[in-house]
Amino acid sequence: MMPNLLAFRTALTPSISVVLRMNPRILRLVVITLCMLSGCRNTAPIVRLPIQHSVQTDQLLVMSDVKLASDHPLITDLQSLRTRVTQTLRLPQEGRMVTVYLFSNEHDYQRYVAQRFPALPPRRAYFVGSSHELAVYTFWGQRVREDLRHEFTHGLLHAHLAYVPLWLDEGLAEYFEVAGTNASGLQQDYSIQLASAASNGWQPNLARLEQLEQVWQMTRDDYQESWAWVHYCMHGSSEARNTLLGYVQELRTNPNPGKFQDRLRQANPHVDAHFFSYVSALNTPTANASY
Ligand SMILES: [Zn+2]
């Protein structure tokens, strides 16, 4: 059985999201343990999922207690995002449905998540993937568009790929969460911090990123570098772009395709130096003009 995949946006550091890859048996054990510790004395009313209304489009089902028109900007934005993700990554138009549970307020959302996933800290949004359902949980808030774009990207990736390496999962979600018609995927904060780090001795390390398998191993800098590798592949080098797209294609059927770094170096033996130069220039007006 496919393990549960929990991805969530942080409330205090919203530019970071976290993915927990948790075996369902372990998750159940955590729930049972917490129940024993609390003595199951919590008599608060059970919060139910928001399912009064639904809007369904291709590969997207949004459940909510607030009625949404199918042409609501939030819905059309996710439709456009799906088109962009599938076309950019050359994924098929058909795939598993991603269900979004959109709570009308943060209070109900947080209470539901606390009941359903009591071991997890409060967060703005979650993606939970299993063989049963690809689900996104979030609420109406100021960052709902960005959060939905990020989590829906996770959903689409897990709908189409047999396996999604952690660094690539987060790198692509960070890339596609950026809205706008220019499709730059540019995270301004990341580009500023990476350019600064590059001028202060930081060195990229894709090999280390590829070894990360659990979210608690990842720091904010790791999310930032994962995004940067994706951005470099998409905009910094035609060889790297083709390598990434080929890697994604293989991930559709092969859950063990080997290290991405090996393919990058095969395509360009000087890729590390090229990437470093690209990152160093990300925060300049001429960045992203090369490809
Ligand atoms: Zn994420």
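About the thresholds
- Residues numbered from 1 in each chain as written.
- Predicted model: local features only at pLDDT ≥ 70, side-chain atom pairs only at ≥ 80, totals over all residues.
- Heavy atoms only, no water.
- Salt bridge = Lys/Arg side-chain N within 4 Å of Asp/Glu carboxyl O.
- Helix = DSSP H or I, 4+ residues; strand = E, 2+ residues; numbered from the N terminus.
- Buried < 20%, exposed > 50% of the residue type's maximum accessible area, 1.4 Å probe, protein only.
- Pairing = 2+ DSSP bridges.
- Right-handed = clockwise from strand over helix to strand, strands pointing away.
- Phe/Tyr/Trp six-rings, centres within 6.5 Å; stacked < 30°, edge-to-face > 60°.

### Quick look at the pattern of salt bridges
Piece 1. Tallying each qualifying case throughout the model produces nine salt bridges.
Piece 2. Note that Arg263 is salt-bridged to Glu250, the shortest N-O span being 2.8 Å. Remark: Glu250 occurs in helix α9 (residues 238-251) and Arg263 occurs in helix α10 (residues 260-267); sequence separation between them is 13 residues.
Piece 3. Residue Arg263 is classed as partly exposed on the basis of its relative accessible area of 22%.
Piece 4. Taking the relative accessible area as the measure of exposure, Glu250 reaches 29% and is therefore partly exposed.
Piece 5. Via salt bridges that share partners, Asp77, Arg145 and Arg149 belong to a single interconnected network.

### Brief notes about the pairing of strand β3 (residues 53-57)
Piece 1. Summarising the sheet, β3 and strand β4 (residues 60-64) pair through five bridges and their orientation is antiparallel. What sits directly across from Gln56, in β4, is Leu61.
Piece 2. The turn linking β3 back onto β4 is made up of two residues, and Gln59 within it adopts a positive phi angle of 65°.

### Concerning the pairing of β4
Piece 1. Burial analysis of β4 places five of its five residues in the buried class, the great majority of the element.
Piece 2. Neither face of β4 is exposed, since Leu60, Val62 and Ser64 on one face and Leu61 and Met63 on the opposite face are all buried.
Piece 3. Inspection of the sheet shows β4 paired to strand β5 (residues 98-103) by five bridges, in the parallel sense. By the bridge assignment for β5, Leu60 is matched with Val98.
Piece 4. Note that the unit made of β4, helix α2 (residues 73-89) and β5 has a crossover that is left-handed.

### Some points on the packing of aromatic side chains
Piece 1. Counting across every chain of the model gives 16 aromatic pairs.
Piece 2. Their ring planes at 85° and their centres at 5.0 Å tell us that Tyr175 and Phe176 sit as a pair that is edge-to-face. The exposure classification of Tyr175 matches that of Phe176, with both residues buried.
Piece 3. What links up through ring pairs into an aromatic cluster is the set Tyr101, Phe103, Tyr109, Tyr112, Phe117, Tyr126, Tyr137 and Phe139.

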